[in-house]
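# Commentary on secondary and tertiary structure
What follows is the residue order along each chain.
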Amino acid sequence: MTKLWIVRAGAHGERELAAIEHSKLYPGFLDVGDLSACDSREAVFAKLQEVMPDEGKNRLRNFAAQLNQFVNQIELGDFVVMPRKVTNGVAIGVVTGDYKFDAASEFKHSRTIEWKEVSLPRDTFKQDLRHSFGAFMTVCQIKRNSALERVQAVLEIGRDPGALLGKQGQAPQGQPVNGMEDDETDVEDYQTDIEDIAHQQIISLIKSEFAGHALADLVAEIMRVEGYTTKVSPPGADGGVDILAAGGTLGLGEDRICVQVKSGDGTANHDVVLRLIGSVSNTQAQTGLLVSIGGVNAVAQKELDNNFFKLRLWQMPDLLKALFRTYGELTDETRAKLPLKQIWAPVAGGS
């Protein structure tokens, strides 16, 4: 029976681009050696006890359940959702290969996958599935609310039909008292990353209230709060320049930044980065800043890395950090569009 899984690519999305570029699932657990000979959760647990002797048993059991699923329970043809951190999208694919361990690889554990979507906006899905995508677990199964069928429907028709899938009016089927085996981890049985869900809601609000060129206005306002004098290009063809920002008195300092803002869901490509490099030269700026809420593809990221001393990238997490830093000093009009309140919440696992 085909199943649906979540497999994450790092707490901060550090393995996302590599996973997409190489058509792989990279769950991390880099300190754990080859698990090819471990055919059960008990065998994985014993291996973890060897390599992590100082970890508590409950934590190791949790890790063992996840790794056992990745190694032994995910089957060829299963669907996988990879919630992305650097964008507000998710990648969806179908598993095509068994577990492999490569000691020479920086990612160690992997499985091959055929990606069907690499950055599908989370807003495509209804709230219950978006909530499931926010679970803390690195590897877990999503089983409830017809999740698999709905993900398949999104791939086929581009929209989430909801939990009932055309069964309105029928009595809901009762859930078994113990619907899971001992070695299964199901997303609904673990804590949700409240911070991640809140960030996704803020991202949706930004995309709604600051669509298109308005996002450049928001970025410019954030930069003004941080001490820059800014000039925003009018809507329309901008030649690779949305904002010019300069530090110092009257904006006449040496800290000069040329900013390109990409507000769409699609990833920025190599051409976008090359245009920004040209704009930095043409405007006599010192630095180029690319703000892309849809992230960048692997080729663009490589170009950015090659121009480390000239270019910087803000993806959605960076934009949120800048927003939170400056929020109290933004204009009343902007804060009315983005009504936020800071709260304190217990940390999962805290004493």
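Our subject is the structure listed above.
Residues numbered from 1 in each chain as written. Predicted model: local features only at pLDDT ≥ 70, side-chain atom pairs only at ≥ 80, totals over all residues. Heavy atoms only, no water.

## Looking at the packing of aromatic side chains
Aromatic ring pairs are reported here in terms of the distance separating the ring centres and the angle at which the planes meet. Overall, the coordinates contain five aromatic pairs when judged by the stated rule. On the basis of an interplanar angle of 75 degrees and a centroid distance of 5.4 Å, the ring pair of F29 and F63 is categorised as edge-to-face. Placement of the pair is F29 in the loop between β2 (24-25) and α2 (41-51) and F63 in helix α3 (residues 57-73), with a sequence separation of 34 residues. With respect to burial, F29 and F63 carry one shared label: buried. Arranged with centres 5.3 Å apart and planes meeting at 80 degrees, the rings of F308 and F309 form a pair that is edge-to-face. Lying across the ring of F308, R312 places its NZ or CZ 4.2 Å from the centre. (Phe/Tyr/Trp six-rings, centres within 6.5 Å; stacked < 30°, edge-to-face > 60°. Helix = DSSP H or I, 4+ residues; strand = E, 2+ residues; numbered from the N terminus. Buried < 20%, exposed > 50% of the residue type's maximum accessible area, 1.4 Å probe, protein only. Lys NZ or Arg CZ within 6 Å of the ring centre and 35° of its normal.)

## Overview of the packing of α2 against α3
Packing of α2 against α3 leaves a shortest axis separation of 8 Å and a crossing angle of 130 degrees. Overall, the two elements α2 and α3 adopt an arrangement that is oblique. Crossing hand, α2 versus α3: right-handed. Along the contact surface, α2 presents R41, V44, F45, L48 and Q49, while α3 presents K57, L60, R61, F63, A64, A65, L67 and N68. (Axes fitted to C-alpha atoms, helices over the stretch in contact; angles between N-to-C directions. Parallel < 35°, antiparallel > 145°, perpendicular 65-115°, else oblique. Left-handed = near helix turned anticlockwise from the far one by under 90°. Contact = heavy atoms within 4.5 Å.)

## Regarding the pattern of salt bridges
In this structure the tally under the stated criterion is 13 salt bridges. Measuring nitrogen to oxygen at the nearest pair gives 3.3 Å for the salt bridge that ties D196 to K85. Placement of the pair is D196 in helix α6 (residues 194-209) and K85 in the loop between β3 (79-83) and β4 (89-95), with a sequence separation of 111 residues. Given the relative accessible area of 7%, D196 is considered buried. For K85, a relative accessible area of 22% gives the class partly exposed. Among the ionic contacts, a cluster of salt bridges with common partners joins K85, R122 and D196. (Salt bridge = Lys/Arg side-chain N within 4 Å of Asp/Glu carboxyl O.)

## Concerning helix α9 (residues 298-306)
Restricting attention to buried positions, one finds in α9 the residues A298, A300, Q301, E303 and L304. On its buried face, α9 is in contact with α1 (16-22), α8 (270-282) and β12 (311-314).

## What to know about the sheet that holds strand β10 (residues 256-262)
Read across the sheet, five strands follow the order β8-β9-β10-β11-β12 without closing on themselves; strand pairing throughout is mixed. The open sheet has two edge strands with one neighbour each: β8 (229-232) and β12. Direction aside, neighbouring strands of the sheet carry axes that sit 20 degrees apart on average. Where strand β9 (residues 243-246) lies against β10, four bridges are found, and the strand directions are antiparallel. When the sheet's bridge partners are listed, A246 is paired in β10 with R256. The sheet contacts of α8 involve β10, β11 (287-292) and β12, and relative to β11 the element is tilted by about 145 degrees. (Pairing = 2+ DSSP bridges.)

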